[in-house]
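Breakdown of the fold
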Amino acid sequence: LIQMQNAPQTMNHREFIKFLKTLQIRSKKEDKLSSLKGIPTESWKAMIAKFETAQMSEAYFSGLTKKQFGTTLRKTLATGYIVKLHKVLREELQELAQKRFFTEKTRVEKCDGKEIFQLLWTVLKDTDKMDIENDLDLNKLKQLFTSSNMTGEKFCALDEEDIICNFI
């Protein structure tokens, strides 16, 4: 827990580029991202190539000011789209950051069921690189944690086989 608090997970370069490509597809389908709908495919490709060259990651993007971001894409996108893209990226990354596990607690034993579920979800996804959205039924897993009144103490008392057989 302390390690997770000291170094929160962010997307590395490859994950960030994959996130951008997903955003391109989602912009054509989701109303929430409709402000990016008018960006031509060629501009998306050029922008992603620019980010590839700059080895842009989530941490790198987060460190950029709006002006620096605009300068990076000045010759790639129209100014209006640069502003819209910056806004959407900030909002989407902020939403993802809120979904990431975080607690002030320093010991697993002191976590409640919801925190244990989020911790397990984070470890499987980020540390073990498991495709949990497709490999697990997250609603069922969450329900198991709440129906069994799972606490940090109970979770620590389980051995690995119990966790895998009964929860994963």
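Structure: see above.
To keep things clear, this report deals only with the structure shown in the data block. (Residues numbered from 1 in each chain as written. Predicted model: local features only at pLDDT ≥ 70, side-chain atom pairs only at ≥ 80, totals over all residues. Heavy atoms only, no water.)

1. Considering the overall build of the protein
From N to C terminus, the protein includes eleven helices and zero strands. Within the span of the protein, comprising 168 residues, buried residues form 35% of the whole. Sequence separation of at least 24 residues holds for 63% of the intrachain contacts in the protein that already meet a minimum separation of 6. For the protein, the exposed area adds up to about 10,800 Å²; of that, 51% sits on carbon and sulfur atoms. (Helix = DSSP H or I, 4+ residues; strand = E, 2+ residues; numbered from the N terminus. Buried < 20%, exposed > 50% of the residue type's maximum accessible area, 1.4 Å probe, protein only. Contact = heavy atoms within 4.5 Å. Areas by Shrake-Rupley, 256 points an atom, 1.4 Å probe, with all protein chains shown as cover.)

2. A few points about the nonpolar core
Membership of the largest hydrophobic core comes to 24 residues, with the highest contact counts inside it found for Phe16, Phe51, Phe69, Leu73, Leu85 and Leu89. Elements with a minimum of two residues in this core: helix H2 (13-29), helix H3 (41-53), helix H5 (66-73) and helix H6 (79-99). Judged by nonpolar contacts, the second largest core, of eleven residues, contains Leu124, Leu136, Phe145 and Phe155. (Core = buried A, V, L, I, M, F, W, Y, C linked by side-chain atoms within 4.5 Å.)

3. A few points about the side chain of Ser57
Here Ser57 is to be found in the loop between H3 and helix H4 (58-62). Not counting chain neighbours up to four residues away, the residues in contact with Ser57 comprise Met11, Asn12, His13 and Phe16.

4. Some points on H2
The end-to-end C-alpha distance of H2, which contains 17 residues, comes to 25 Å, matching closely the 24 Å that a straight helix rising 1.5 Å per residue would cover. When H2 is considered as a whole, its buried residues turn out to be His13, Phe16, Ile17, Phe19, Leu20, Leu23, Gln24, Arg26 and Ser27. Its side-chain oxygen placed 3.1 Å from the backbone nitrogen of Arg14, Asn12 serves as the N-cap of H2. (Expected span 1.5 Å × (residues − 1). Polar contact = N/O pair within 3.5 Å; in protein donor to acceptor, adjacent residues only side chain to side chain.)

5. A look at the packing of aromatic side chains
By the definition in use, this model includes five aromatic pairs. With 5.4 Å between their ring centres and 85° between their planes, Phe61 and Phe69 make a pair best called edge-to-face. Pair check on accessibility: Phe61 and Phe69 agree, each one buried. An aromatic cluster is defined as three or more aromatic residues linked by ring pairs; in this entry it consists of Phe16, Phe19, Phe51, Phe61 and Phe69. (Phe/Tyr/Trp six-rings, centres within 6.5 Å; stacked < 30°, edge-to-face > 60°.)

6. A closer look at the pattern of salt bridges
Scanning the model with the defined rule gives five salt bridges in all. Between Glu92 and Lys32 there is a salt bridge whose closest N-O contact spans 3.1 Å. Of this pair, Glu92 sits in helix H6 while Lys32 sits in the loop between H2 and H3, and the two are 60 residues apart along the sequence. Judged by relative accessible area, which is 5%, Glu92 ranks as buried. Here Glu91 ties to Lys87 by a salt bridge, and the two come within 2.9 Å at their closest N and O atoms. Placement of the pair is Glu91 and Lys87 together in helix H6, with a separation of four residues, close to one helical turn. For Glu91, a relative accessible area of 40% translates into the label partly exposed. The network of salt bridges with shared partners includes Arg26, Glu30, Lys32, Glu92 and Glu95. (Salt bridge = Lys/Arg side-chain N within 4 Å of Asp/Glu carboxyl O.)

7. A few points about the side chain of Thr76
Considering the arrangement of structural elements, one finds Thr76 in the loop between H5 and H6. Apart from the residues within four sequence positions on either side, Thr76 is in contact with Ser43, Ala46, Met47 and Lys50.

8. Notes on a negative patch on the surface
A cluster of like negative charges, contributed by Asp159, Glu160, Glu161 and Asp162, occupies part of the molecular surface. Note that Asp162 resides in helix H11 (residues 160-166). (Patch = residues over 30% accessible without salt bridge, like charges linked within 9 Å, V, L, I, M, F, W, Y side chains within 5 Å. Lys, Arg positive; Asp, Glu negative; His and termini not counted. Charge placed at Lys NZ, Arg CZ, Asp CG, Glu CD.)

9. Some remarks on H3
For H3, which comprises 13 residues, the first-to-last C-alpha distance of 18 Å matches the rise-based estimate of 18 Å (1.5 Å per residue) to within 8%. Listing the buried residues of H3 in full gives Ser43, Trp44, Met47, Ile48 and Phe51. Taken around the axis of H3, the buried residues stretch over an arc of 130°, which confines them to a single face. Turned more than 90 degrees from where H3 packs its buried face, Glu42, Lys45 and Thr53 sit exposed. Two residues or fewer after H3 comes Gln55, characterised by a positive phi angle close to 55°. (Arc of directions from axis to C-beta.)

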